[in-house]
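Next come the chains, spelled out residue by residue.
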Amino acid sequence: MLLSNNDIKREIIKTKNISIHPLIVENIKGSSINLTASPHAWDIKTKESVVNDKKKKITIKANSTVSIFTQEALWVSRRIGGTYHPRVSMVAKGLSNISTTLDPQWYGLSLVTVSNTTDQDIVIRVGEAFVSVMLYYLNTPATKGIIDNQASRPDLYSKFNLTDDDEEFLALQWHRNFHGILEKMKKSESYQYLLKDKTRFRRSLFTLLGHPLISGSIGGVIAGAIIYYLKMN
Ligand SMILES: Nc1ccn([C@H]2C[C@H](O)[C@@H](COP(=O)(O)OP(=O)(O)OP(=O)(O)O)O2)c(=O)n1
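Keep in mind that this is a model prediction, so the values were computed, not measured.

Contact pair helix α1 (residues 5–14) / helix α6 (residues 189–196): the axes reach a minimum separation of 10 Å and the direction vectors enclose 110°. Classified by the angle their axes make, α1 and α6 are roughly perpendicular. Contacts between α1 and α6 involve K9, I12 and I13 on the former and, on the latter, Y191, L194 and L195.

This is the structure:
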């Protein structure tokens, strides 16, 4: 089942299935969450950084491909999986599709690779939302402990020529473990803001009654009560 904005917000508040830091509430859309570009990005051919000196712009040269780290680190539990998609506004500029997967139990930054299919350079601003993640509840939880990849993908970024800044950021511990992401998120103003508003994201009684297990149980209790009443008379 695809998560709506209310599902995502509710899960973030509960901290049992999703954590994200930094949490930008405006980037939670109807049925996805947008992730933003960090100042850590490289051309996959030259291996060099494609971020300008002021750390404000990422330039994707004509017909080239770059890997960009998201600013956000994400953790999902065994009950959630996801898919990465480009934003329509990015595709309209001539950037390629991004169709990759988010495994249950993943934690870390995302390294998103995107190609410029045009013969003109394309700029992504640092902090600009450039990829959407759609999240799904899994029918049954994935097997505990199966995580194929290391947090924030050192297997992939170690191939690039990292600047001092890149090295410093990628060595930070908070985005490399589940607790670090959770603790940072919980202390953030945006999390506190969501928390204050939490009653808005609770499942309504109507939605809960629609759940097969709950409606079945209520039906059973009512049927039992009727049978008991009829027997007594
Ligand atoms: N654009 C993306 C998509 C996913 N991931 C993270 C989250 C995923 O849970 C994890 C693993 O994704 P894949 O399994 O697709 O990675 P690989 O291509 O390395 O495959 P495999 O795990 O089979 O080696 O990488 C990422 O950093 N950037």
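The geometry of two aromatic rings is summed up by the distance between their centres and the angle between their planes. Enumeration according to the criterion identifies four aromatic pairs in this entry. A centroid spacing of 5.0 Å and a plane angle of 5° characterise the contact between W42 and F160, whose relative ring orientation is stacked. In this pair, W42 is assigned in strand β3 (residues 32–43) and F160 in the loop between α3 (154–157) and α4 (164–171), connecting sequence segments 118 residues apart. Note on W42: relative accessible area 0%, which makes it buried. Taken together, a centroid distance of 4.4 Å and an interplanar angle of 50° make the contact between W75 and F178 tilted. With W75 in strand β5 (residues 65–76) and F178 in helix α5 (residues 178–187), the pair connects residues that are 103 residues apart, well separated along the chain. Note on W75: relative accessible area 10%, which makes it buried. The partly exposed category is assigned to F178, whose relative accessible area is 22%. Put simply, the rings of W42, F69, Y157 and F160 touch in pairs and so form one group of aromatic residues.

With that out of the way, let us pick up the nonpolar core. Residues I12, I58, I68, I124 and L135 are the most contacted members of the largest nonpolar core, which totals 42 residues. Counting residues per element, this core draws most heavily on strand β10 (residues 129–137), which supplies five residues. Those residues within four positions of L135 in sequence are excluded, and the remaining contacts are M1, L2, L3, I8, I18, I33, V76, I80, G81, G82 and L102. In this structure, W75, Y157, F160 and W174 belong to the second largest nonpolar core, which totals twelve residues.

On to the site of the ligand. In the vicinity of the ligand, 13 residues are found, and the nearest of them are T101, D103, L111, N149 and R153. Interatomic distance of 2.8 Å between a backbone N/O atom of D103 and an oxygen atom of the ligand. For the ligand, a nitrogen atom lies 2.9 Å from a polar atom in the backbone of L111. Burial of the ligand by the protein amounts to 69% of the accessible area it has alone, namely 590 Å². Sort the elements by how many residues they give to the shell around the ligand and strand β8 (residues 107–115) lands first, with four residues.

In this section: the domain arrangement of the chain. Assigned domains within the chain: domain 1 (5–187) and domain 2 (196–232). Distance from the C-alpha centre of domain 1 to the C-alpha centre of domain 2: 40 Å.

Our next topic: α6. Along α6, the residues classified as buried are S190, Y191 and L194. In a view along the axis of α6, the buried residues occupy a sector of 100°, so they form one face of it. For α6, the exposed residues lying more than 90 degrees away from the buried face are E189 and K196. Those residues of α6 hidden inside the fold are in contact with α1 and α5.

Counting buried positions along β10 yields seven of nine residues, so the element is predominantly enclosed. Sheet topology places strand β6 (residues 80–86) next to β10; seven bridges connect them, and they run antiparallel. Paired with T83 across the strands is M134, a residue of β10.

To continue, consider a negative patch on the surface. There is a patch of like negative charges on the surface, built from D164, D165, E167 and E168. Checked against the element boundaries, E167 lands in helix α4. Given a relative accessible area of 45%, E167 falls into the partly exposed group.

Calculation criteria
Residues numbered from 1 in each chain as written. Predicted model: local features only at pLDDT ≥ 70, side-chain atom pairs only at ≥ 80, totals over all residues. Heavy atoms only, no water. Axes fitted to C-alpha atoms, helices over the stretch in contact; angles between N-to-C directions. Helix = DSSP H or I, 4+ residues; strand = E, 2+ residues; numbered from the N terminus. Parallel < 35°, antiparallel > 145°, perpendicular 65-115°, else oblique. Contact = heavy atoms within 4.5 Å. Phe/Tyr/Trp six-rings, centres within 6.5 Å; stacked < 30°, edge-to-face > 60°. Buried < 20%, exposed > 50% of the residue type's maximum accessible area, 1.4 Å probe, protein only. Core = buried A, V, L, I, M, F, W, Y, C linked by side-chain atoms within 4.5 Å. Near = heavy atom within 4 Å. Polar contact = N/O pair within 3.5 Å; in protein donor to acceptor, adjacent residues only side chain to side chain. Areas by Shrake-Rupley, 256 points an atom, 1.4 Å probe, with all protein chains shown as cover. Domains from an automatic or database assignment. Arc of directions from axis to C-beta. Pairing = 2+ DSSP bridges. Patch = residues over 30% accessible without salt bridge, like charges linked within 9 Å, V, L, I, M, F, W, Y side chains within 5 Å. Salt bridge = Lys/Arg side-chain N within 4 Å of Asp/Glu carboxyl O. Lys, Arg positive; Asp, Glu negative; His and termini not counted. Charge placed at Lys NZ, Arg CZ, Asp CG, Glu CD.

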